[in-house]
Amino acid sequence: MMDKRKKINISHVITYVVLIVAAFVFLFPFYFMFVSATNSNADILSAAPKLFFGTHLSENLKNLNERLDLGRILLNSGILTVTYTVLAMLIHAMSGYAMAKYEFKGKGIIFGIIMLTMMIPGQVMYVPLFKLMNNIGWANTYQAVILPGLAGAFGMFLMRQNMLSFPTSLIEAARIDGYGEFAIFIKVVMPSMKPALGAMGIYMFMSMWNNFMWPLIILGTKSMYNFPVALSMLEGVAWRKDYGVIMLATVFAVLPILIIFLVFQKQFVAGVMGGAVKE
Amino acid sequence: MKRNLLSIILAAAVTVSLCACNGNGGSSEKKENGDGGLSGEITVWSWDVALAHLEEQAEKFRELHPDVEFNFEEMGVDQVYQKMTTCLQSGIGLPDIVSLEGEQMAKFGTKFPGKFAEFTDMINTDDFFPIKVAECTVDGKVIAYPWDSGPCGMFYRSDLFEKAGVKAEDIVTWDDFIEAGKTIKDKTGSDILCMAESRNDLVYRLMLMELGGFYFDEEGNPQVNSEESVRAMEMCKKMFDEGITFNNSSWDDMIAGMSADKFACIPEAVWMVGSIKDAVPDQEGKWAVMPLPRFDADQEPLGASNGGSALAVPSASENVEAAQEFVKFCMEDVDANIEGFQNYGLYPSYLPALESEAFEEGDEFFGGQKIFELFTEAGKNAPQVNYTENFAEALEMSKNSVAKILLEDEDVAEVLDAEQKEMEAKFK
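Thresholds applied
Residues numbered from 1 in each chain as written. Chains lettered and ligands numbered in written order. Predicted model: local features only at pLDDT ≥ 70, side-chain atom pairs only at ≥ 80, totals over all residues. Heavy atoms only, no water. Helix = DSSP H or I, 4+ residues; strand = E, 2+ residues; numbered from the N terminus. Rg over C-alpha atoms; globule rule 2.2 N^0.38 Å. Buried < 20%, exposed > 50% of the residue type's maximum accessible area, 1.4 Å probe, protein only. Areas by Shrake-Rupley, 256 points an atom, 1.4 Å probe, with all protein chains shown as cover. Lys, Arg positive; Asp, Glu negative; His and termini not counted. Charge placed at Lys NZ, Arg CZ, Asp CG, Glu CD. pLDDT = per-residue confidence, 0-100. Contact = heavy atoms within 4.5 Å. Buried area = accessible area lost by both parts, 1.4 Å probe. Salt bridge = Lys/Arg side-chain N within 4 Å of Asp/Glu carboxyl O. Polar contact = N/O pair within 3.5 Å; in protein donor to acceptor, adjacent residues only side chain to side chain. Nonpolar A, V, L, I, M, F, W, Y, C, P; charged D, E, K, R; others polar. Core = buried A, V, L, I, M, F, W, Y, C linked by side-chain atoms within 4.5 Å. Phe/Tyr/Trp six-rings, centres within 6.5 Å; stacked < 30°, edge-to-face > 60°. Pairing = 2+ DSSP bridges.

Q: Can you tell me about the overall build of chain A, naming the residues and giving the values?
A: In terms of regular secondary structure, chain A is built from 15 helices and zero strands. For a compact globule of 279 residues, the expected C-alpha radius of gyration is about 19 Å, and chain A comes in at 24 Å, more than 25% above that figure. Projecting the C-alpha coordinates of chain A onto the three principal axes gives extents of approximately 75 × 70 × 30 Å. Within the span of chain A, comprising 279 residues, buried residues form 35% of the whole. By element, 71% of the accessible surface of chain A is carried by carbon and sulfur atoms, the whole surface being about 15800 Å². Within chain A, one finds 21 positive and 12 negative side-chain charges whose respective centroids are separated by 4 Å.

As structure tokens, then:
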């Protein structure tokens with residue numbers, strides 16, 4: 001042991017120095033966000049901004065509460081994100097499974113068409129979607145935000161790639177043992193898809209939690225806003241921004257994602273790698 | 001779709017009948033109250049203080065018209081535009097009242113003709129700053145009410161001026177300004193002017209207005225290689241080359257520079273008063289305002305303007321009449337204008353309000369100087385420029401030209417000629 005310790009070679013030192021610098025670069029904005037949430041606007045904007053926790057937290061919280069109904073926004077964002085994530089994971093897993101393990105007529109063409117939808121930029125769909133949602137009376141509702149993005153080519157493709165490596169013989173064995181198709185999917189295939197599902201879940205969670213443009217357009221009243229839209233409201237006009245309040249709101253917006261990521265970190269990394277290697 | 005069309009037709013019909021019965025501008029809101037009065041639900045999209053001000057005025061309006069209900073939706077400036085664009089394109093989901101930046105009004109009015117209710121017969125345009133009326137007029141029709149305005153002056157640090165032995169009264173022309181700048185740099189180390197090198201083209205644009213020019217002529221054709229434009233740009237370059245300017249690459253940069261005494265002057269609109277007070281409260285008494293320097297000592301002073309908003313009513317609204325009455329109520333009431341100014345720093349465009357006592361008082365932060373007379377004068381004299389639908393794009397091109405000339409040291413006339421060609425090709 002002692003020997004090994006002494007043999008710290010120069011390349012290790014360099015590696016660690018680089019990593020520490022990189023970690024600092026990535027972590028500093030987070031740190032500054034937390035610190036600024038406790039400082040006043042003047043402290044943040046002074047020529048040498050305050051880099052330590054201040055005493056303005058309660059004042060910022062009070063101001064924030066005056067401008068936003070935090071509880072309501074958390075609830076909105078929560079409902080939107082959880083519903084969307086659960087449903088989207090199920091739909092993508094099912095469609096990915098079908099594309100990977102079933103043979104049917106026109107499969108190649110259907111797959112191609114689904115993949116082609118990735119080439120349509122989301123922005124061009126806003127106006128027709130907006131009209132559609134208004135015509136069926138869904139403007140300013142949760143489902144108007146959740147439904148349009150529920151089935152997407154990316155999620156389907158990710159699941160398909162992961163499912164391809166699942167041994168078909170295992171599915172056939174289950175069939176012979178008398179399992180129905182749905183039971184096979186849920187009980188045999190899904191358990192081994194945990195890493196991929198974890199990765200996709202995080203991805204879906206983040207994309208819905210951060211969803212801005214479409215909710216902004218379709219949600220009409222303050223009581224329905226999710227976090228990003230509410231945050232953009234705080235921004236106000238350039239010459240009257242209170243960064244302390246904005247940073248505090250940002251902390252609330254970032255925390256859930258941070259927690260989810262820390263909890264599911266392993267699955268996330270494993271899942272992204274999962275589709276890369278085919279055995 | 002059909003219902004949609006129908007509602008537009010209905011709204012148009014209401015507008016026409018409204019215009020017909022409201023022939024003589026000065027009609028007071030109390031009159032309508034007597035016979036049935038206004039009713040309906042009015043949704044307002046606005047931002048920040050503007051929204052807060054409208055909310056307060058709505059309370060008063062409801063005392064006269066209790067049947068009118070209000071919904072206020074707060075959003076950021078960009079969000080209003082994003083939502084408006086989608087809603088105008090589809091014709092649904094529009095608010096009854098929306099605040100827009102005056103400079104953007106022409107764009108919305110031109111791109112979506114007929115989608116905004118007309119105020120032509122309601123408003124007495126002589127009561128407002130000419131430049132604000134110009135912002136709200138598209139194709140000869142007034143499609144929005146001018147709200148707050150942005151007449152510009154030169155904010156300066158009286159303490160730094162004093163330290164350097166420079167007197168603001170002696171600065172008449174931009175050349176005087178440059179001389180003063182050299183002295184200030186020598187004596188205090190501060191730059192005299194806060195001028196962005198690439199983030200915006202404000203100094204150039206204000207100079208251009210002072211010379212009676214703009215990106216566009218009256219017909220909306222680009223004219224950025226005009227004599228005035230070249231002259232303004234050359235003056236910017238001259239100041240930059242003297243090394244007496246402070247570059248602000250962002251708004252926050254400027255605020256930070258302000259508190260660190262990096263520069264002595266900011267040419268900006270009157271709404272900057274509030275920003276300075278917020279940003280550097282400890283510099284109370286160290287600020288003052290002078291008119292923007294001129295190009296020639298014997299030139300008639302022309303004002304310049306930057307920013308300020310307008311209040312519009314989309315014609316798809318189901319309550320156009322009530323919405324328009326409310327807009328007029330807020331915009332043409334002296335007290336409402338004074339409250340907006342005193343509580344929220346919204347500098348009126350409405351001349352009768354500007355003539356009231358509230359605007360004659362000195363401001364302690366500015367050493368007791370009566371700063372508002374100066375701004376009102378600048379607002380009255382600002383030329384009626386044509387912002388056109390292309391203002392936002394032209395602004396981007398103009399910023400690029402500023403950066404090329406200042407940072408890459410390219411020839412002024414050549415860059416502006418190239419910009420002119422680009423604009424002509426793009427804005428056909």
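Q: Any details on the confidence of the model for chain B? Residues and values, ideally.
A: Residues and elements named next belong to chain B. A residue-level look at chain B finds 92% of positions with pLDDT of 70 or above and a mean pLDDT of 88. Of the regions scoring below 50 in pLDDT, residues 9-35 engages in 32 contacts with residues more than four places distant in sequence or in other chains. Across the interface, the model reports ipTM at 0.71; the global pTM reads 0.80.

Q: Outline unusual backbone geometry, listing residues and values.
A: Residue and element names in this part refer to chain B. Located in the positive-phi region is Asp-139, a residue other than glycine, with phi close to 55°. Locating Asp-139 in the fold gives a position in the loop between β4 (137-138) and β5 (141-142). Not every positive phi belongs to a glycine, and Asp-409 is a case in point at roughly 60°. Checked against the element boundaries, Asp-409 lands in the loop between α17 (391-407) and α18 (412-426). Residue Asp-409 is classed as exposed on the basis of its relative accessible area of 54%.

Q: Before we move on, could you go through the interface of chain B and chain A and cite the residues and values that matter?
A: The interface of chain B with chain A comprises 26 residues on the first partner and 26 residues on the second. Three residues, Asp48(B), Glu74(B) and Lys83(B), lead the burial of chain B against chain A; their summed loss comes to 22% of the area buried on that side. Taken together, the links from chain B to chain A amount to three salt bridges. Across the salt bridge formed by Glu74(B) and Arg67(A), the nearest N and O atoms sit 3.0 Å from each other. Applying the counting rule to chain B against chain A returns five residue pairs in polar contact (both at pLDDT 80 or more). Per element, the largest residue contribution to the side of chain B that touches chain A is eight residues, and it comes from helix α4 (residues 77-90) of chain B. Its residues assigned to classes, the side of chain B that touches chain A shows twelve nonpolar, nine polar and five charged.

Q: Explain the nonpolar core to me, and be specific about the residues and the numbers.
A: Met163(A), Phe70(B), Met84(B), Ile97(B), Leu100(B), Phe116(B) and Phe326(B) are the most contacted members of the largest nonpolar core, which has 118 residues in total. Not counting the four nearest positions on each side in its chain, Phe116(B) is found in contact with Met84(B), Leu88(B), Leu100(B), Met105(B), Phe108(B), Gly109(B), Ile143(B), Ala312(B), Val313(B), Pro314(B) and Ser315(B). Phe161(B), Val203(B), Phe216(B) and Met397(B) belong to the second largest nonpolar core, which has 97 residues in total.

Q: Give a detailed account of the packing of aromatic side chains, specifying residues and quantitative values.
A: All names here are of chain A. Across all of its chains, the model carries 45 aromatic pairs over all chains by this definition. Look at Tyr-31 and Phe-53: their rings are 6.1 Å apart centre to centre, the planes differ by 85°, and that puts the pair in the edge-to-face class. Of the two residues, Tyr-31 is situated in helix α2 (residues 10-36) and Phe-53 in the loop between α3 (41-45) and α4 (57-67); the sequence distance between them amounts to 22 residues. The exposure class of Phe-53 is exposed, given its relative accessible area of 51%.

Q: An account of the confidence of the model for chain A is needed here, citing residue identities and associated values.
A: Averaged over every residue, the pLDDT of chain A is 87; the share at 70 or more is 91%. Here helix α1 (residues 2-6) of chain A is the element of chain A with the lowest mean pLDDT, 55, and helix α8 (residues 142-146) of chain A is the one with the highest, 95.

Q: Explain the sheet that holds strand β1 (residues 40-46) of chain B residue by residue, including any values.
A: Residue and element names in this part refer to chain B. Read across the sheet, five strands follow the order β2-β1-β3-β12-β6 without closing on themselves; strand pairing throughout is mixed. Every interior strand has two partners, whereas the edge strands, β2 (68-74) and β6 (145-146), have only one. Direction of pairing for β1 relative to β2: parallel, over a ladder of seven bridges. The residue bridging Ile-42 from the neighbouring strand is Phe-70, located in β2.

Q: So what about the side chain of Asn200(B)? Which residues, and what values?
A: Residues and elements named next belong to chain B. Mapped onto the elements of the fold, Asn-200 is located in the loop between β8 (191-194) and α9 (202-210). Owing to a relative accessible area of 19%, Asn-200 belongs among the buried residues under this scheme. At 3.2 Å, the side chain of Asn-200 forms a polar contact with the backbone nitrogen of Leu-202. The contact partners of Asn-200, leaving out residues within four places of it in the chain, are Lys-399 and Val-402.

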